[in-house]
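Examination of the molecular architecture
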Amino acid sequence: MKLTTFSDYALRVLMYAGAAGERLVTIEETAKAYRVSQAHLMKVVNMLTKAGYLRGVRGRSGGFTLARPAEQINLGAVMRATEVDFALVECLTPANQCIISGCCRLPRLMHQALDAFMATFDQYTLADIMLSQQDFGLSAALEDKNRAPVSSDARE
């Protein structure tokens, strides 16, 4: 089983926003940190905002931050919100054409495996996988951002 890039990015966006604390982060900043597509992250951030995991602020000084404490963001719930297809094999899809579906024992095994997979994610929250600002290099970026520009008069 392979998770979609969308789910992967959703978890990464939440981790990045969590590491930034109360500070608003931008899609551009997050895309640079992970070296991924800004356009794809925009879709992820929009979905996470609509789902109530992120709080977005529009405008020039806008960005996003966690909408609730990391301890209240369950990873299993995030996975269910971001993954559109948990059908591991054809017989688990509505368009199933397999000729042995009526007697096959494989679907029960697949459901059991998927349930175990999701049960693992259900046991954890974003707080369990949080990283620090230093892990992302955010401390240095914040210092650069907060540093006042030096005027040409001050250099003389």
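What comes next concerns the included structure. (Residues numbered from 1 in each chain as written. Predicted model: local features only at pLDDT ≥ 70, side-chain atom pairs only at ≥ 80, totals over all residues. Heavy atoms only, no water.)

1. Quick notes on the pattern of salt bridges
Throughout the structure, instances matching the rule amount to four salt bridges. Here Glu28 ties to Lys32 by a salt bridge, and the two come within 3.4 Å at their closest N and O atoms. Taken as a pair, Glu28 and Lys32 lie in helix 2 (residues 27–34) at a separation of four residues, close to a single helical turn. Across the pair Asp122 and Arg80 runs a salt bridge, and its minimum N-O distance is 2.7 Å. One end of the pair, Asp122, is in helix 5 (residues 106–122); the other, Arg80, is in helix 4 (residues 75–82), and 42 residues separate them in sequence. (Salt bridge = Lys/Arg side-chain N within 4 Å of Asp/Glu carboxyl O. Helix = DSSP H or I, 4+ residues; strand = E, 2+ residues; numbered from the N terminus.)

2. Describing the nonpolar core
Among the nonpolar cores identified, the biggest contains 34 residues, and Val13, Leu14, Leu48, Leu54, Phe64 and Leu66 are the most heavily contacted of them. Breaking this core down by element, the ones donating at least two residues are helix 1 (5–19), helix 2, helix 3 (38–50), strand 2 (63–66), helix 4 and helix 5. With nine residues, the top contributor of residues to this core is helix 1. Sequence-distant contacts of Phe64, defined by excluding residues within four places in its chain, comprise Val13, Ala17, Arg23, Leu24, Val25, Thr26, Ile27, Thr30, Val45, Leu54, Arg55 and Gly56. (Core = buried A, V, L, I, M, F, W, Y, C linked by side-chain atoms within 4.5 Å. Buried < 20%, exposed > 50% of the residue type's maximum accessible area, 1.4 Å probe, protein only. Contact = heavy atoms within 4.5 Å.)

3. Focus on the packing of helix 1 against helix 2
The geometry of helix 1 relative to helix 2 is characterised by a closest axis approach of 11 Å and an angle of 110° between their N-to-C directions. Viewed along their axes, helix 1 and helix 2 adopt a mutual orientation that is roughly perpendicular. Of the residues in helix 2, those in contact with Arg12, Val13, Met15 and Tyr16 of helix 1 are Glu29, Thr30, Ala33 and Tyr34. Partitioned by chemical class, the residues of the contact of helix 1 with helix 2 number five nonpolar, one polar and two charged. (Axes fitted to C-alpha atoms, helices over the stretch in contact; angles between N-to-C directions. Parallel < 35°, antiparallel > 145°, perpendicular 65-115°, else oblique. Nonpolar A, V, L, I, M, F, W, Y, C, P; charged D, E, K, R; others polar.)

4. What to know about the packing of aromatic side chains
This model, assessed by the stated rule, comprises four aromatic pairs. With 5.8 Å between their ring centres and 85° between their planes, Tyr34 and Phe136 make a pair best called edge-to-face. A residue pair is termed long-range when its members are at least 10 positions apart, and Tyr34 in helix 2 and Phe136 in helix 7 (residues 133–136) qualify at 102 residues. Overall, the relative accessible area of 17% leaves Tyr34 in the buried class. Taken together, the ring pairs connect Tyr16, Tyr34 and Phe136 into an aromatic cluster. Over the ring of Tyr34 we find Arg12, and its NZ or CZ is 5.2 Å from the ring centre. (Phe/Tyr/Trp six-rings, centres within 6.5 Å; stacked < 30°, edge-to-face > 60°. Lys NZ or Arg CZ within 6 Å of the ring centre and 35° of its normal.)

5. Remarks on the pairing of strand 2
Inspection of the sheet shows strand 1 (residues 54–57) paired to strand 2 by four bridges, in the antiparallel sense. Counted as the bridge partner of Arg55 is Thr65 from strand 2. Here strand 1 folds back onto strand 2, and the loop between the two strands holds five residues, one of which, Gly59, carries a positive phi near 110°. (Pairing = 2+ DSSP bridges.)

6. What about helix 1?
In this model, helix 1 (15 residues) spans 21 Å end to end at C-alpha, consistent with the 21 Å of a helix rising 1.5 Å per residue. A large share of helix 1 lies buried, amounting to 11 of its 15 residues. Ser7, Tyr9, Ala10, Leu11, Val13, Leu14, Met15, Tyr16, Ala17, Gly18 and Ala19 are the residues of helix 1 that are buried. The positive-phi residue at the C-terminal boundary of helix 1 is Gly21, with phi of around 70°. (Expected span 1.5 Å × (residues − 1).)

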